[in-house]
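This is what each chain is made of:
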Amino acid sequence: MKNLRGYLVAAIFAGITYVLSLYGEQFSALIDMVYPYVIRTLEATLATWSSQVDFLLWQFLAVALAVVLIAWLVVVIITKRNVFHWFGWVLAVVSFVFMLHTFVYGMNYYAGDLADDMRMDVSGCTLDEIVEATEYYQNQANALATQMNRDSYGRLSFEDFDTLAARAGKGFEYLTYQRFFPVFAGSTLPVKKLGWADLYSSMGITGFTFPLTGEAAVNPQIPASALPFTMCHEMAHRMCIASERDANFAAFLACSFNNNRQYQYSAYFMAYRFCYNALYSVGQSTSIDPKLVMEAATEANRIAGNVNDYLRRDMEDYDQFFRNRRNALATNVADTVNDVYLKASGESAGTASYGQVCDLLVNWHIQEVVLPAIAVEESRFDPYDETQVDLSGIVNARGY
């Protein structure tokens, strides 16, 4: 029984985590009303505390914990104690950390959607709406691509990591105080550089947020076109926007409303990629109306042909980075672990949720671009304008 104590403790922590997840599912409305606002304040406090050092505290603590566990294992082996007993307590530590993570942050996955907090009316998208949004984001990206600083080889030349990171909060502050979206009223302290960047690049990981220390971190090696967007994505996670779909949308909004053109370009560069990939996937589908598939494929090819040379170069650099840096085995392991984590946390779509932002981008385009344009085009009613008023049948209507 003594050898099973660690496993028993691990089971208790796992059980508490499971109960928390059940509570989140059953009382999601209550979670949405209270939990994110409390935790957002906690994350801001932790972020202020951890910002006192330049390095990532969680990475330092992870290394320290690994050293302790390995040293403990060596002692167990030398003293010929039961390794099975040791492993039970390792599981207990892991189970405790995950339970603490769930309590401190993980319940955000059961809160309401970002669109609800922003009072956005999100509906299903038609193919025409996806096409129009994709063209809009492409046009914006095309225009901004010509305004970016570039080196002698035509590659993007953005400001250094720290300078860019210091600008990331501006868009969130605008959304909070000018557009009156309190959901973005979290910590806007700069994100940190993700340590062991080569390792994370091999796994295709662009950023990581560790809620227990309030640290949002970004891989400094990723292409410049995605760097500002990723900074805002991880910052959104620290603001308790847990869903990957919502964090991507929050990143787009924060970048597009940032007064810095590097951020604006990153917003439209990524928005175009998300929408184009969604349109392309419809054109490759085998489970929907073949006529719709053919139309989507035709539109995707037509839109792809309208990419200017600057944007095309940046897209090629983006794709080439991940092709060259990714290790197939490391990426598969990382994706599997991330998928399991997201599903265990309440994100039913797992890693597929990253690409689901297209619906939000399309509806935002309709709400912010299409509908205002229609309202402007409509002529204002003037009761004294005979062309707008039917005077037939009114006695002495023209006697003025």
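What you see is a predicted model, and the numbers here were worked out from it, not measured in a lab.

Enquirer: Please explain unusual backbone geometry as it appears in this structure.
Expert: Note: most residues except glycine have negative phi, and most peptide bonds are trans. A positive phi angle is found at Lys80, which is not glycine, with a value near 55°. Inspection of the secondary structure puts Lys80 in the loop between helix 3 (57–78) and helix 4 (83–104). A positive phi angle is found at Cys240, which is not glycine, with a value near 75°. Mapped onto the secondary structure, Cys240 falls in the loop between helix 10 (227–238) and helix 11 (244–256).

Enquirer: Which parts of the structure should I look at to understand the pairing of strand 3 (residues 215–218)?
Expert: Working note: regular strand, side chains alternate between the two faces of the sheet. Here strand 3 shows no split at all, with Glu215 and Ala217 on one side and Ala216 and Val218 on the other all buried. By the bridge criterion, four bridges tie strand 2 (residues 207–210) to strand 3 in an arrangement that is antiparallel. Across the sheet, residue Phe210 finds its bridge partner in strand 3, namely Glu215. Two successive antiparallel strands, strand 2 and strand 3, enclose a turn made up of four residues, where Gly214 displays a positive phi of approximately 65°.

Enquirer: Help me understand the confidence of the model for the chain, please; the structure alone is not making it clear to me.
Expert: Note that predicted coordinates carrying low pLDDT should not be read in detail. On average, residues of the chain carry a pLDDT of 89, and 88% of them reach 70 or more. At the low end of the mean pLDDT range in the chain sits helix 15 (residues 328–344), at 69; at the high end sits helix 10, at 98.

Enquirer: In this structure, what is going on with helix 10? I would like to understand it.
Expert: Residues three or four positions apart in an α-helix share a direction because the helix packs 3.6 residues into each turn. Taking 1.5 Å of rise per residue, 12 residues should cover 16 Å, and helix 10 covers 17 Å from first to last C-alpha, within 8% of that figure. Residues Leu227, Pro228, Phe229, Thr230, Met231, Cys232, His233, Glu234, Met235, Ala236, His237 and Arg238 constitute the buried set of helix 10. Positive backbone phi, at 75°, marks Cys240, one or two positions downstream of helix 10.

Enquirer: Looking at this model, I keep getting lost on the packing of helix 1 (residues 5–26) against helix 2 (residues 28–50). Mind explaining?
Expert: Where helix 1 contacts helix 2, the two axes come as close as 5 Å, and the packing angle between them is 95°. With respect to their mutual orientation, helix 1 and helix 2 come out roughly perpendicular. Contacts from Tyr23, Gly24, Glu25 and Gln26 of helix 1 reach helix 2 at Ser28, Leu30 and Ile31. Residue composition of the contact of helix 1 with helix 2, by class: three nonpolar, three polar and one charged.

Enquirer: Which parts of the structure should I look at to understand the packing of aromatic side chains?
Expert: The geometry of an aromatic ring pair is captured by two quantities: the separation of the ring centres and the angle between the planes. For the structure on display, the rule yields 24 aromatic pairs. Each ring, one from Trp58 and one from Phe208, has its centre 5.0 Å from the other, and the planes form 45°; the classification is tilted. Taken together, the residues span a long stretch of sequence, with Trp58 in helix 3 and Phe208 in strand 2 at a distance of 150 residues. By relative accessible area, which is 10% here, Trp58 ends up buried. Phe208 sits in the partly exposed class, given a relative accessible area of 32%. The rings of Tyr265, Phe269, Tyr318, Phe321 and Phe322 are connected pair by pair, giving a single aromatic cluster.

Enquirer: What is the right way to look at the sheet that holds strand 3 in this model?
Expert: Hydrogen bonding along the main chain pairs the strands of a sheet, whether they run parallel or antiparallel. Spatially, 1-3-2 is the arrangement adopted by the three strands of the open sheet, whose pairing is mixed. Each end of this open sheet is capped by a strand with a single partner; those strands are strand 1 (192–193) and strand 2. Of the pairings in the sheet, the one linking strand 1 to strand 3 comprises two bridges and is parallel in character. Across the sheet, residue Lys192 finds its bridge partner in strand 3, namely Ala217.

Enquirer: What should I look at first to understand the nonpolar core in this one?
Expert: With 74 residues, the main nonpolar core has Tyr137, Phe184, Met231, Phe249, Phe252 and Tyr265 as its most contacted residues. Element by element, the count of residues in this core is highest for helix 12 (residues 261–283), at 14 residues. The contacts of Phe252, once residues within four sequence positions are left out, are Tyr137, Phe229, Ala267, Tyr268, Ala271, Leu361 and Trp364.

Enquirer: Help me understand the pattern of salt bridges, please; the structure alone is not making it clear to me.
Expert: Close approach of charged atoms lets side chains of opposite charge pair. In the structure shown here, the tally under the stated rule is nine salt bridges. Glu215 is paired through a salt bridge with Lys192; the nearest N and O atoms lie 2.8 Å apart. Placement of Glu215 in strand 3 and of Lys192 in strand 1 is noted, with a sequence separation of 23 residues between them. Comparing Glu215 with Lys192 shows no difference in burial state: the two are buried. Taking the shortest distance from any N to any O, the salt bridge between Arg302 and Glu299 comes out at 2.6 Å. Of this pair, Arg302 and Glu299 both sit in helix 13 (residues 290–304), three residues apart, which is roughly one turn of the helix. Of the residues examined, Arg302 reaches a relative accessible area of 38% and is grouped as partly exposed. By relative accessible area, which is 19% here, Glu299 ends up buried. By sharing partners, the salt bridges in this structure join Glu135, Glu299 and Arg302 into a single network.

Conventions and cut-offs
Residues numbered from 1 in each chain as written. Predicted model: local features only at pLDDT ≥ 70, side-chain atom pairs only at ≥ 80, totals over all residues. Heavy atoms only, no water. Helix = DSSP H or I, 4+ residues; strand = E, 2+ residues; numbered from the N terminus. Buried < 20%, exposed > 50% of the residue type's maximum accessible area, 1.4 Å probe, protein only. Pairing = 2+ DSSP bridges. pLDDT = per-residue confidence, 0-100. Expected span 1.5 Å × (residues − 1). Axes fitted to C-alpha atoms, helices over the stretch in contact; angles between N-to-C directions. Parallel < 35°, antiparallel > 145°, perpendicular 65-115°, else oblique. Contact = heavy atoms within 4.5 Å. Nonpolar A, V, L, I, M, F, W, Y, C, P; charged D, E, K, R; others polar. Phe/Tyr/Trp six-rings, centres within 6.5 Å; stacked < 30°, edge-to-face > 60°. Core = buried A, V, L, I, M, F, W, Y, C linked by side-chain atoms within 4.5 Å. Salt bridge = Lys/Arg side-chain N within 4 Å of Asp/Glu carboxyl O.

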